[in-house]
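Each chain, written out:
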Protein chains: 4
Amino acid sequence: MAEYHLDPFVLGGRTLTSRLFVGTGKYASDHLIPDVLAQSGSEVITVALRRVDFAASTDNVMRHIPKTVQLLPNTSGARTAEEAVRIARLARAAGCGNWIKIEVIADNKYLLPDGYETVKATEILAREDFVVLPYISPDLMVAKALVDAGAAAVMPLGAPIGSNRGLQTKELLRILIAEIALPVIVDAGIGRPSEACEAMEMGAAACLVNTAIASANDPVAMAKAFGDAVAAGRQAYRAGVGPISQLAQASSPLTGFLHS
Amino acid sequence: MAEYHLDPFVLGGRTLTSRLFVGTGKYASDHLIPDVLAQSGSEVITVALRRVDFAASTDNVMRHIPKTVQLLPNTSGARTAEEAVRIARLARAAGCGNWIKIEVIADNKYLLPDGYETVKATEILAREDFVVLPYISPDLMVAKALVDAGAAAVMPLGAPIGSNRGLQTKELLRILIAEIALPVIVDAGIGRPSEACEAMEMGAAACLVNTAIASANDPVAMAKAFGDAVAAGRQAYRAGVGPISQLAQASSPLTGFLHS
Amino acid sequence: MAEYHLDPFVLGGRTLTSRLFVGTGKYASDHLIPDVLAQSGSEVITVALRRVDFAASTDNVMRHIPKTVQLLPNTSGARTAEEAVRIARLARAAGCGNWIKIEVIADNKYLLPDGYETVKATEILAREDFVVLPYISPDLMVAKALVDAGAAAVMPLGAPIGSNRGLQTKELLRILIAEIALPVIVDAGIGRPSEACEAMEMGAAACLVNTAIASANDPVAMAKAFGDAVAAGRQAYRAGVGPISQLAQASSPLTGFLHS
Amino acid sequence: MAEYHLDPFVLGGRTLTSRLFVGTGKYASDHLIPDVLAQSGSEVITVALRRVDFAASTDNVMRHIPKTVQLLPNTSGARTAEEAVRIARLARAAGCGNWIKIEVIADNKYLLPDGYETVKATEILAREDFVVLPYISPDLMVAKALVDAGAAAVMPLGAPIGSNRGLQTKELLRILIAEIALPVIVDAGIGRPSEACEAMEMGAAACLVNTAIASANDPVAMAKAFGDAVAAGRQAYRAGVGPISQLAQASSPLTGFLHS
């Protein structure tokens, strides 16, 4: 019997086995993070640079992240391209590596990203050899501009950050996946494993999930659920979903046993 | 670190590890069935009694089903309670065991079940010590009658058999799960792993999937996807899904790095 | 220019112009009922027999219902076919006419109907020349049994009574509309005019709306909204909805003005 | 009894009674346009400038538009802000008035708008005293930029132009309606009257519908349906939709007639 390994995901020169990215925010305790990573199988974790307190020897989120996991610092707190660029450079200088998730957010209520400033920051940072992963609205023209700007992937939202509202932008995500040559990583809004699974079935390259794991009653068990669901969705995408029909299609012979 | 095993599912006196049930219909070749079982982890398989040709030594679907797997013969082809009862008895007499999935279907277009006849067949077969699993519309009063009739579980549809249309009856499934003391096993209509995952997140005890696996481009890979998705959904149900909010909830500190 | 009158709806020998039925429950004051009827254009109103206090000269809901409006007494409170039959006969004896909405409900939480008892009551009352309108789950086999039993229409639910949850059973309603020779009147669950409009676009013959009107801030204005929405949905059904496409279809010439 | 007139919609200094805008594209014959306007009650019609052939005396769409209707020329065909600005100026010079719908589209497959170029064109044209109505993706930051640029309203899409796919962007439309001080006019994608009705219930100021009317079997009847549905949705928005509940809420007294 053939083995059923998933195809690896190559991003920023790194080969990833898991297509689930996780975050560091909102956990009751940062001590949960190693178990979240282990149970989910995730190999990429995002962290707000502000939380990286290099001076502190004890209360530093970095202490909880294994070296084998790819760090994805984010520019949370930036309101302009310029601020995002400064944070990215600080992160690299501080030893956080050259991956950067761009978040440029001027809206405090829905935390929706600013596409124009995001493209500007991406252009600058890509030229400086960052692996740039921008958080965006699912807007095709912004995504196209990010391809030209040198992004490594695009990270459109399913719903507002932390809302657990799911894939509310499915129609637009579908278009991005069909039209954009870069990996599409669904970021923000995913609230349940079934939603991450569906994003993967649609052809997303990966999902980033933070709040849905951190806000579960048992975050570590939920992390495992998300890891499995993302793998299942990728597997299903590759296995080729069968056709949908209006009428029923008998699974079993209908002209029955007893009528023959 | 704690292990994250799922809770076992006890049904008809048997302890099941997997909560995915599969079928034998519509495969390009029955030779795929052992791999479907192995990759999905499923321990229960349904088969239409008509397909069980005990005389034939070569072309018999039974040859492809390992002894360790629980056989769930179904009464496909029955149009009345009486016919279903006869098929069930024949199945047991033929050595297929005492589990029986009741299907009483008089509608050839949507293959929707007849609740009244299904209750009648269940009453009779439960008294004869069958483990009775009736296929039903998601109707609360029929489900209550089946509890009284001695069913081991209820198997409401998500959409018409073989349609791959998904959880179209979510509202009514939710009510059955909340109100019925028996396990609710979603049967029929599930087209993608994300839908099976969602049914499990809602609290379904298990899912039966046939067409969605058999009609995939790669049925064995799809079987694995469904196995993982069902496990993920159960895991999520037990981990406790976090709250949904209207507004965004920042994962990362917002009052930014650069403004402080 | 042609006039765009809607086709009339003939039910129980009466020709109706409006396809919106309303109710009498839950109003802050019964004095709103005449305006609800006038603004919505509704010509049929359902009333629980219990509320018809013939002794009381002042506090009787009947005082607020114009004679031109068709009364549709309902058997609310009945838990069995026998009780429903008794209520129907009492209603007729009391001068409420021969239309009767059968409600047989043994579930106090979701108020879901009992299909089996409903069929029994319908058989008896149809033989006694009632115009029988049974409230049902959207179950095809129950609906077929009601056709045989002599019902004048079937009234499947969109969601639990009074929940304002909308057309949660769309998949099953669509099947009833396609398969049942009687008018399908969507009853229960409709919370907004857009949902009533959609039911009509799908081919429902009419909608019954009570809670959504009575629980609005301004019930009379909401009654008008429902009247217009139901008419719009019927109009759209007859006008023939255009095809849905995956891609965009330019409304305006694309090869632009300035490029030519 | 109070009258139930809708509140007027003031836009660009004009007071509109109807909140349905229509288009001129895709009709089997332009001769249908006057009836579409009359039956829908629409007072605003969009037309691609290219279709305005002032030289032609017979084959000119303008001949079919009554003078009392507000003309809304659109910049269809423009791929940049500059081109949109040129078309707008030409339209005004040609006597089409000072309303302009900005469409800047560089994507030929989904016809999705370019937010950045749209903002640029809006800034220029608003300074030149146009009443600027820009077609946009439902992106909050673009909408905010358009407020600053002097737009008279924003016109976010529900789905790709001409797709009849409905309100696929509901989540983002809801945010625009809540956050943007300008009228939100849903443009593109609406396929059925129920969808226009729902957009209005959500608080949209108006809807623009072209393909769904033009592609109906009977466009004039469908125009009437849309006119009524939009009015119903506005009426419902003002009447205040009642609360949604998980459980049923009895409309009629439950503790029954016969049990008392």
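Note that the structure is predicted; figures quoted are calculated from it, not measured.

Describing the interface of chain B and chain A
One frequent convention defines the size of an interface as the accessible area lost when the parts assemble. In this assembly, 75 residues from chain B lie in contact with 75 residues from chain A. Together, the buried faces of chain B and chain A total about 6,600 Å²; carbon and sulfur atoms form 62% of this surface. Between chain B and chain A we count four salt bridges in total. Between Glu198(B) and Arg192(A) there is a salt bridge, and its shortest N-O distance comes to 3.8 Å.

Observations concerning the relation of the copies chain B and chain A
Note on the copies: chain B fits chain A at an RMSD of 0.0 Å, the axial shift is 0.0 Å, and the rotation between them is 180 degrees. In short, the pair behaves as if placed about a two-fold rotation axis. Here 100% of the interface residues in chain B have copies in chain A that are interface residues too; the copies meet face to matching face.

Here we look at the UniProt feature "binding site: 1-deoxy-D-xylulose 5-phosphate" (unreviewed entry) in chain A
Residues and elements named next belong to chain A. Residues annotated in UniProt with the feature "binding site: 1-deoxy-D-xylulose 5-phosphate" (unreviewed entry) correspond here to Gly162, Ala188, Gly189, Asn210 and Thr211. Judged by maximum C-alpha separation, these annotated positions cover 50 residues in sequence but sit close together in space, the widest gap being only 9.2 Å. Within the secondary structure, Ala188 sits in the loop between strand 9 (185-187) and helix 6 (193-201). Classification of Ala188 as buried rests on a relative accessible area of 9%. With sequence-adjacent residues up to four places away left out, Ala188 is seen in contact with Tyr135, Leu157, Gly158, Ala159, Pro160, Ile161 and Leu208. Within the secondary structure, Asn210 sits in the loop between strand 10 (206-209) and helix 7 (211-214). Owing to a relative accessible area of 8%, Asn210 belongs among the buried residues under this scheme.

Let's talk about the interface of chain A and chain D
Listed as interface residues are 24 residues of chain A and, on the opposing side, 24 residues of chain D. Interface area, chain A with chain D, both sides summed: about 2,100 Å², of which 62% is carbon and sulfur. Three residues stand out in chain A for area buried against chain D, namely Met141(A), Glu171(A) and Leu172(A), and they jointly supply 27% of the buried area on that side. Across the contact surface, chain A and chain D share four salt bridges. Here Glu179(D) makes a salt bridge to Lys109(A), at a shortest N to O gap of 2.9 Å. Taken together, the connections running from chain A to chain D amount to six residue pairs in polar contact (both at pLDDT 80 or more). Among the secondary structure elements, those contributing two or more residues to the side of chain A that touches chain D are helix 4 (140-149) and helix 5 (170-179) of chain A. Considered class by class, the residues forming the side of chain A that touches chain D number 13 nonpolar, three polar and eight charged.

How each quantity is defined
- Residues numbered from 1 in each chain as written.
- Chains lettered and ligands numbered in written order.
- Predicted model: local features only at pLDDT ≥ 70, side-chain atom pairs only at ≥ 80, totals over all residues.
- Heavy atoms only, no water.
- Contact = heavy atoms within 4.5 Å.
- Buried area = accessible area lost by both parts, 1.4 Å probe.
- Salt bridge = Lys/Arg side-chain N within 4 Å of Asp/Glu carboxyl O.
- Least-squares fit on C-alpha atoms with pLDDT ≥ 70 in both.
- UniProt positions renumbered as here; feature names shortened; annotations may be inferred.
- Helix = DSSP H or I, 4+ residues; strand = E, 2+ residues; numbered from the N terminus.
- Buried < 20%, exposed > 50% of the residue type's maximum accessible area, 1.4 Å probe, protein only.
- Polar contact = N/O pair within 3.5 Å; in protein donor to acceptor, adjacent residues only side chain to side chain.
- Nonpolar A, V, L, I, M, F, W, Y, C, P; charged D, E, K, R; others polar.

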